[in-house]
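Here are the chains, one letter per residue:
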Amino acid sequence: MFDQTQLLELAATYGTPLYVYSADRVVEQYKSLYKYIPYSKLQVHYALKANYNVALLAALRDAGAALDTVSPGEVQLALALGFAPEKIIFTANNLKDEEVAEVKALGVLFNIGSISRLEKFGRAYPGSRVCVRFNPDVVDGENAATATGGDLAKFGILMQDVDKVVDIARQYDLHIVGLHEHTGSGLQHTESVFQSMKNLMGLAGRERFPELEFLDFGGGFKVPYKPDEAAVDYAAMGAEIVRLFEDFCQTYGKALELKFEPGKYMVAQAGVMLTTVNTLKFNRTRTIAGCDAGFPQLIRPVFYGAYHQIENLSNPDGERKVYDVCGNICESGDRFAEQRELPEIREYDVLAIYNAGAYCYSMGGVYNLRSMPGEVVISNGNAKLVRKRLSNQELVSNLLAESLV
């Protein structure tokens, strides 16, 4: 998908560290879900938290995508970019009352995942339309920190409390138009998707929820990160999803809208981070390749123990050797890879860290006061810098300008 020569040219033009994204791949991934899940009333909501790059969001908007948002800031960004309020679902948790009021005034649909908030929402905004999030009681995900179902999860209302939900809705005349669940990110088993669907659909009888317009089964669709990792058979998974949902709709007595809200699936493989090796160090049994980026610029390896494929763009045919690929942050855990076999790395070689489109830039920060990388978006073969990396002077100036001291 990425041309190595072009990546090296971009690194030379804009410097490193640098994120590069393919807008075409993002739109292709979005459209593929409509092919894999051939249901006439499917609506895909992109999980904005995965990557909030404005150029990628504009491409998805133009392709007809809807959005899943998790903060008032994300809602404000979505509206500013021209997403219609009716194409936005707001699925935040542990909100302040002031945040609820801010988002309610913007006219987007709330997806509420606690009895406490549902009751407060009903008291403050009786007669409102609302979606309710349930805990699907299925545990799955690539890491314990990304599993959002089961007893340890902070998300969603327990299924055993469904009658409390119904009572609150009746008390405050809330119109429950949707039910939602999300099992986790990087789901390891397709059966988890099916079981979560069955659990939610088991609650969604017309006698409890007569005004349903949709069911939302979250996201978490897995993409391969390792070179030898098998891809999910999404065509087979999609066919079973459609079968299950159509059977439910027949029982419910109405063809409801089917929603999913993938993030990683749509943007992970569309991104790469480029970094330059500036130091080689030989520590007895380890060879350390030190880079000009660190974990604040791509946090998944240190945060989740995540694997990202790495290539040496400058010396792809070099003799293969084993390296620890480390960053420039004052933390011992600042490693992108450990004991990774790569073509020989020389100082000033440019490395590409792949599958960096999801939960990389969006989870970044300026720890050690190092700026976030610039961002380039490639569309139809044309590369454009859409966000520059701040210089050290600009970073400090911004910090001082924001200070109230």
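Right above here is the structure, for reference.
About the cut-offs
Residues numbered from 1 in each chain as written. Predicted model: local features only at pLDDT ≥ 70, side-chain atom pairs only at ≥ 80, totals over all residues. Heavy atoms only, no water. Salt bridge = Lys/Arg side-chain N within 4 Å of Asp/Glu carboxyl O. Buried < 20%, exposed > 50% of the residue type's maximum accessible area, 1.4 Å probe, protein only. Helix = DSSP H or I, 4+ residues; strand = E, 2+ residues; numbered from the N terminus. Pairing = 2+ DSSP bridges. Disulfide = S-S within 2.5 Å. Arc of directions from axis to C-beta. Contact = heavy atoms within 4.5 Å. Patch = residues over 30% accessible without salt bridge, like charges linked within 9 Å, V, L, I, M, F, W, Y side chains within 5 Å. Areas by Shrake-Rupley, 256 points an atom, 1.4 Å probe, with all protein chains shown as cover.

Time to look at the pattern of salt bridges. Following the criterion strictly, the structure yields 18 salt bridges and no others. Between R61 and D62 there is a salt bridge, with its nearest N and O atoms 3.1 Å apart. The partly exposed category is assigned to R61, whose relative accessible area is 30%. A salt bridge links D324 to R286, with the nearest nitrogen and oxygen atoms 2.8 Å apart. Here R286 lies in strand 11 (residues 286-291) and D324 lies in strand 13 (residues 320-326), a separation of 38 residues in the sequence.

Looking at chain direction, strand 1 (residues 18-22) and strand 10 (residues 271-283) are connected through four bridges and run antiparallel. Counterpart to L18 in the pairing with strand 10 is L274. When strand 10 meets strand 15 (residues 350-353), the two strands line up antiparallel, connected through four bridges. Counterpart to L274 in the pairing with strand 15 is A352. Pairing geometry for strand 10 and strand 11, over six bridges, is antiparallel. Within strand 11, the residue paired with V277 across the bridge is C291. The hairpin turn running from strand 10 into strand 11, its antiparallel successor, is two residues long, and R284 in that turn takes a positive phi close to 55°.

It is worth spelling out the state of the cysteines at this point. Overall, the coordinates contain zero disulfides when judged by the stated rule. Between C131, a cysteine without a disulfide, and C249, which holds the nearest cysteine sulfur, the sulfur-to-sulfur distance is 15 Å. In this structure C326 is not part of a disulfide, and its nearest cysteine sulfur, from C291, lies 7.8 Å away. For C326, a relative accessible area of 10% translates into the label buried.

Time to look at helix 4 (residues 72-80). Buried within helix 4 are the following residues: P72, E74, V75 and A78. For helix 4, the angular spread of buried residues about the axis comes to 160°, placing them on one side. The inward-facing, buried residues of helix 4 contact strand 3 (66-69), strand 4 (88-90) and helix 5 (97-104). Positive phi appears at G82, one or two residues downstream of helix 4, with a value of about 95°.

Once that is clear, we can look at unusual backbone geometry. The omega angle of the peptide bond from T16 to P17 is 0°, so this bond is cis rather than trans. Summarising the element assignment, P17 is placed in the loop between helix 1 (4-14) and strand 1.

This brings us to a nonpolar patch on the surface. A surface patch of nonpolar side chains, about 420 Å² in accessible area, is lined by V366, L369, V396, L399 and L400. Its location among the elements puts L399 in helix 12 (residues 392-402).

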